[in-house]
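Analysis of the macromolecular model
So the chains spell out like this:
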There are 2 protein chains.
Amino acid sequence: MSTDTILLEHGDGGLLSNKLIAETFLPLLKNDLLERMEDCAVMEIGGQRLSFSTDSYVVQPCFFPGGDIGSLAVHGTVNDLSMGGATPLYLSAGFILEEGFPLDDLKKIVASMAEAAQKAGVRVVTGDTKVVARGAADGIFINTAGIGHITYPGDISVSSIRPGDAIILNGHIGDHGAAIMSKRENLGLETDILSDSAPLSGLVADILQASPAIHCMRDATRGGLGAILAEIAQQSGAGITIAENSIPVKDSVRGVCEILGLDPLFLANEGKMVAFCPGNDAQAVLQAMQNHEYGRDAAIIGTVGESDRGRLILDTAIGGQREIDLPAGELVPRIC
Amino acid sequence: MSTDTILLEHGDGGLLSNKLIAETFLPLLKNDLLERMEDCAVMEIGGQRLSFSTDSYVVQPCFFPGGDIGSLAVHGTVNDLSMGGATPLYLSAGFILEEGFPLDDLKKIVASMAEAAQKAGVRVVTGDTKVVARGAADGIFINTAGIGHITYPGDISVSSIRPGDAIILNGHIGDHGAAIMSKRENLGLETDILSDSAPLSGLVADILQASPAIHCMRDATRGGLGAILAEIAQQSGAGITIAENSIPVKDSVRGVCEILGLDPLFLANEGKMVAFCPGNDAQAVLQAMQNHEYGRDAAIIGTVGESDRGRLILDTAIGGQREIDLPAGELVPRIC
């Protein structure tokens, strides 16, 4: 495997993505805010704490069961801001369009962004459009960046995670990845599985209301639940144990995974998140999630212990234990 | 000319770009902040006035005389924030990379971003990388979004422009467009013409210091000086007259324009801006520009009058007058 050119794996949220960040972006762009390496940067302007985040969306196909690149571009950035404990307020939108892209499709996508923004309580306030010649891009790419306002007093960060913390997940995993893959591979299962793409800002507001001691939140997007928990274990030095039995996966998603040889643990989600909080607050947070439309199937899936520091351990359904590493090698490209 | 698909002209900053914005983006994403249609949105969070802006960069070639896509992506967004009267503070960076892009080139580009950010006094605090398969993008696309802090008391906006305002330009126009085109067309003139790509944040700070009554600022990027002044005339309803003789153009840029049949008035710049201020402040603003490294060749190029409202009139070098419209039809694609 050559390492002197960009590989698809550099973009999959796994080992090579992290290597690219650690060896290229961080050393060159060096600053303390970037080095936090969370879903969003947190900074202070004129005494106000703000969060700031960006993502580019290249999902293929750009219309998929349960959503499209427009709603996804809003949800993704809204969710990244929310994970910092912020109220998402403003989005930017940068479009890169391929010459020949149907104008009607663009209108559908922008309408979908508008609807998603309204539902998430944010406004798209600034934008940009570039057009490149046929063959120089693939239809449509959208970048969104967002600004949120943080009023929660606690420091929501991997560095706040402590032994004794409970890990709470807001529902079934793998729906987004399975929806995209079944559409892309023409499995004919499109009607069964919809992407879980959704704005988590309201859910997060309820979670923050339920506990004054939320330590960390992260949405389980690229790389899935497995990748983000392995990354959190590495970043925080926490010893994380999760129970396979406690993680909700729909039968239809399991079915697609079996057909395609995928593991739901590493399938992308666009409306799933984990919250870390002291064990004493776990029931209150679970309840807050279950009372929200995007957390009906929430579950406590694991804990932070004193041992196995920096590692993610899975108690398997058949009674064993195995360590989960950051995925290396090709996951699903262009999932978001 | 078909209008049911995206054309290259939808991205050139001219008539079709504006039509796309007016007919697709604005009606769907409707809100007062977006409708200002300035280089950046201005909003208030917790009593602080902030500016927010985004641009995607698809410049081809990604290394060009006087810069590269990395420095350009920093300068472009820094300048858009500056045009709102803000001090640019934080940037996001979203990369879309084509599989096979040389890692060394990426490192050069990121190093160039870092250097440009340091020079402009901003920090890249959050980012994202996506990789698409060979053929699904053209090398590298970068989106930057930025946040600035506004402490200037005046309302810097097209709506503040008044009859009697002077229009001051900070130097020679067309360098960026001519540099890109001579490189792209292999004119062999590369060593002569360098892009003017530069951060204007320091220059703007000096301008705001020089006059408490700056009415409007805009950088003359895509579409060039002609397009942005025609757009400002339309947006503000101001009657703008500029004198061709007063607009600095380098001989080398004129030469490239003659060979390629281009008009410097519509060539892109990446370090040029205009400021509108009351005539009484014009000399102070001119002086402030000329004292700055990015304004040595600044000139007063025009005025806002009582007549010709909503129109841009050029007093030509040969003693005539002609109206300048927003350019329609293909300008130079992928100039930024």
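None of these values were measured; they are calculated from a predicted model. (Residues numbered from 1 in each chain as written. Chains lettered and ligands numbered in written order. Predicted model: local features only at pLDDT ≥ 70, side-chain atom pairs only at ≥ 80, totals over all residues. Heavy atoms only, no water.)

A few words now on the side chain of Asp165(A). Residue and element names in this part refer to chain A. Residue placement: Asp-165 occurs in strand 8 (residues 165–169). Summary of buried charges: Asp-165 has no salt-bridge partner, and the nearest side chain of opposite charge, Arg-162, is 7.0 Å away. In this view, Asp-165 contacts Ser-160, His-215, Phe-276, Cys-277, Pro-278, Gly-279, Gly-302, Thr-303 and Val-304; residues no more than four positions away in its chain are not counted. (Helix = DSSP H or I, 4+ residues; strand = E, 2+ residues; numbered from the N terminus. Buried < 20%, exposed > 50% of the residue type's maximum accessible area, 1.4 Å probe, protein only. Lys, Arg positive; Asp, Glu negative; His and termini not counted. Salt bridge = Lys/Arg side-chain N within 4 Å of Asp/Glu carboxyl O. Contact = heavy atoms within 4.5 Å.)

With that out of the way, let us pick up the relation of the copies chain B and chain A. Two copies of the chain are present, and they differ by a rotation about an axis and a shift along that axis. With an RMSD of 0.0 Å, the fit of chain B onto chain A corresponds to turning through 180 degrees and sliding 0.0 Å along the axis. This pairing of chains is accounted for by a two-fold axis. Relative to the rotation axis, the C-alpha of Ala137(B) is the closest in chain B, positioned 2.0 Å from it. Mapped onto chain A, 100% of the interface residues of chain B are again interface residues, and the two copies thus contact each other with one and the same surface. (Least-squares fit on C-alpha atoms with pLDDT ≥ 70 in both.)

This paragraph deals with the interface of chain B and chain A. Often the size quoted for an interface is simply the accessible area lost on bringing the parts together. Facing 77 residues of chain B, the contacting portion of chain A comprises 77 residues. Here chain B packs against chain A, burying approximately 6,500 Å² in sum over the two surfaces, 71% of which is carbon and sulfur. Across the chain B-chain A interface, the total number found is six salt bridges. Two residues, Arg123(B) and Asp32(A), come together in a salt bridge whose shortest N-O distance is 2.8 Å. Inspection of the region where chain B meets chain A yields 22 residue pairs in polar contact (both at pLDDT 80 or more). Those elements giving two or more residues to the side of chain B that touches chain A turn out to be helix 1 (15–29), helix 2 (32–35), strand 1 (41–45), strand 2 (48–57), strand 5 (86–98), helix 4 (103–120), strand 6 (123–132) and strand 7 (140–150) of chain B. In the side of chain B that touches chain A, the residues fall into 42 nonpolar, 21 polar and 14 charged. (Buried area = accessible area lost by both parts, 1.4 Å probe. Polar contact = N/O pair within 3.5 Å; in protein donor to acceptor, adjacent residues only side chain to side chain. Nonpolar A, V, L, I, M, F, W, Y, C, P; charged D, E, K, R; others polar.)

With that settled, consider the pairing of strand 7 (residues 140–150) of chain A. All names here are of chain A. Of all eleven residues that make up strand 7, eleven are buried, and the element is covered over most of its length. Neither face of strand 7 is open: one carries Ile-140, Ile-142, Thr-144, Gly-146, Gly-148 and Ile-150, the other Phe-141, Asn-143, Ala-145, Ile-147 and His-149, and all of them are buried. Two strands pair when backbone bridges link them, and strand 5 (residues 86–98) and strand 7 are joined in this way by eleven bridges, in the antiparallel orientation. Directly across from Leu-97, in strand 7, lies its bridge partner Ile-140. (Pairing = 2+ DSSP bridges.)

With that settled, the discussion passes to the packing of helix 6 (residues 201–210) of chain A against helix 9 (residues 282–290) of chain A. Residue and element names in this part refer to chain A. Relative orientation of the contacting elements helix 6 and helix 9 amounts to 150 degrees, with a least axis distance of 9 Å. It follows that helix 6 is roughly antiparallel to helix 9 by the angle criterion. Here the hand of the crossing between helix 6 and helix 9 comes out right-handed. For the pair formed by helix 6 and helix 9, the contact residues are Leu-203, Asp-206, Ile-207 and Ala-210 on the first element and Ala-284, Val-285, Ala-288 and Met-289 on the second. Residue classes in the contact of helix 6 with helix 9 are distributed as seven nonpolar, no polar and one charged. (Axes fitted to C-alpha atoms, helices over the stretch in contact; angles between N-to-C directions. Parallel < 35°, antiparallel > 145°, perpendicular 65-115°, else oblique. Left-handed = near helix turned anticlockwise from the far one by under 90°.)

Here we take up the packing of aromatic side chains. What the rule picks out here adds up to four aromatic pairs over all chains. When the ring of Phe95(A) is compared with that of Phe25(B), the centres are 4.7 Å apart and the planes differ by 45 degrees; the resulting orientation is tilted. Of this pair, Phe95(A) sits in strand 5 while Phe25(B) is found in helix 1, placing the two residues in two different chains. Judged by relative accessible area, Phe95(A) falls into the buried class, the value being 2%. For the pair Phe141(A) and Phe141(B), a centre-to-centre distance of 6.4 Å together with 50 degrees between the ring planes defines the contact as tilted. Of the two residues, Phe141(A) is situated in strand 7 and Phe141(B) in strand 7; the pairing between them involves two chains. Each member of the pair, Phe141(A) as well as Phe141(B), is classed as buried. Lying over the aromatic face of Phe63(A), Lys108(A) brings its terminal NZ or CZ to 5.8 Å of the ring centre. (Phe/Tyr/Trp six-rings, centres within 6.5 Å; stacked < 30°, edge-to-face > 60°. Lys NZ or Arg CZ within 6 Å of the ring centre and 35° of its normal.)

Residue and element names in this part refer to chain A. Its domain assignment divides chain A into domain 1 (31–150) and domain 2 (158–324). The largest contributions to the domain 1 side of the interface with domain 2 come from Pro-65, Asn-79 and Met-83, which together make up 29% of the buried area. Counting across the interface, domain 1 meets domain 2 through one salt bridge. Glu-38 serves as the salt-bridge partner of Arg-218, at 3.7 Å between the closest nitrogen and oxygen. For the pair domain 1 and domain 2, the number of links is ten residue pairs in polar contact (both at pLDDT 80 or more). Looking at the side of domain 1 that touches domain 2, the elements with two or more residues in it are strand 3 (63–64), helix 3 (69–83) and helix 4 (103–120). Top element by residues in the side of domain 1 that touches domain 2 is helix 3. It accounts for nine residues. Taken together, the residues of the side of domain 1 that touches domain 2 break down into eleven nonpolar, eight polar and four charged. (Domains from an automatic or database assignment.)

Residue and element names in this part refer to chain A. In spatial order, the strands read 1-2-7-5-6; together these five strands make up an open sheet with mixed pairing. In this open sheet, the two strands that pair with only one neighbour each are strand 1 (41–45) and strand 6 (123–132). Recorded for the sheet is a direction-independent mean angle of 20 degrees between the axes of neighbouring strands. Relative to strand 2 (residues 48–57), helix 3 is tilted by about 145 degrees, and along the sheet it contacts strand 2, strand 5 and strand 7.

Helix packing geometry: the angle between the two helix axes and the distance between the axes. All names here are of chain A. It is the contact of helix 3 with helix 4, at a shortest axis distance of 6 Å, that shows an interaxial angle of 30 degrees. In terms of axis orientation, helix 3 runs roughly parallel to helix 4. The element helix 3 and its partner helix 4 pack so that their crossing is right-handed. Within the contact between the two elements, helix 3 uses Ile-69, Gly-70, Ser-71, Val-74, His-75 and Val-78 and helix 4 uses Ile-109, Ser-112, Met-113, Ala-116, Ala-117 and Ala-120. Among the residues making up the contact of helix 3 with helix 4, the classes are represented as eight nonpolar, four polar and no charged.

Bringing helix 5 (residues 175–184) of chain A into the picture now. Residue and element names in this part refer to chain A. Along helix 5, eight of the ten residues are buried, which leaves the element largely enclosed by surrounding structure. In the core, the buried residues of helix 5 are packed alongside strand 3, helix 3 and helix 8 (251–260). Looking one or two residues beyond helix 5, the residue adopting positive phi is Asn-186, at roughly 55 degrees.

A separate point is the pairing of strand 11 (residues 273–278) of chain A. Residue and element names in this part refer to chain A. Within strand 11, five of the six residues are buried, which leaves the element mostly enclosed by the surrounding structure. Where strand 8 lies against strand 11, five bridges are found, and the strand directions are antiparallel. Residue Leu-169 lies in a different strand from strand 11, and its bridge partner there is Val-274. Relative to strand 11, strand 9 (residues 216–219) is paired through four bridges, and the arrangement is antiparallel. Directly across from Met-217, in strand 11, lies its bridge partner Ala-275.

Attention now goes to the pattern of salt bridges. Taken as a whole, this structure holds 32 salt bridges over all chains when the rule is applied. When the shortest N-O distance is used, the salt bridge between Arg311(A) and Asp308(A) registers 3.2 Å. Assessed through its relative accessible area of 34%, Arg311(A) is described here as partly exposed. Among the residues examined, Asp308(A) registers a relative accessible area of 29% and is labelled partly exposed. Three or more residues are tied together by salt bridges with common partners; here these are Asp55(A), Arg222(A), Asp128(B) and Lys130(B).

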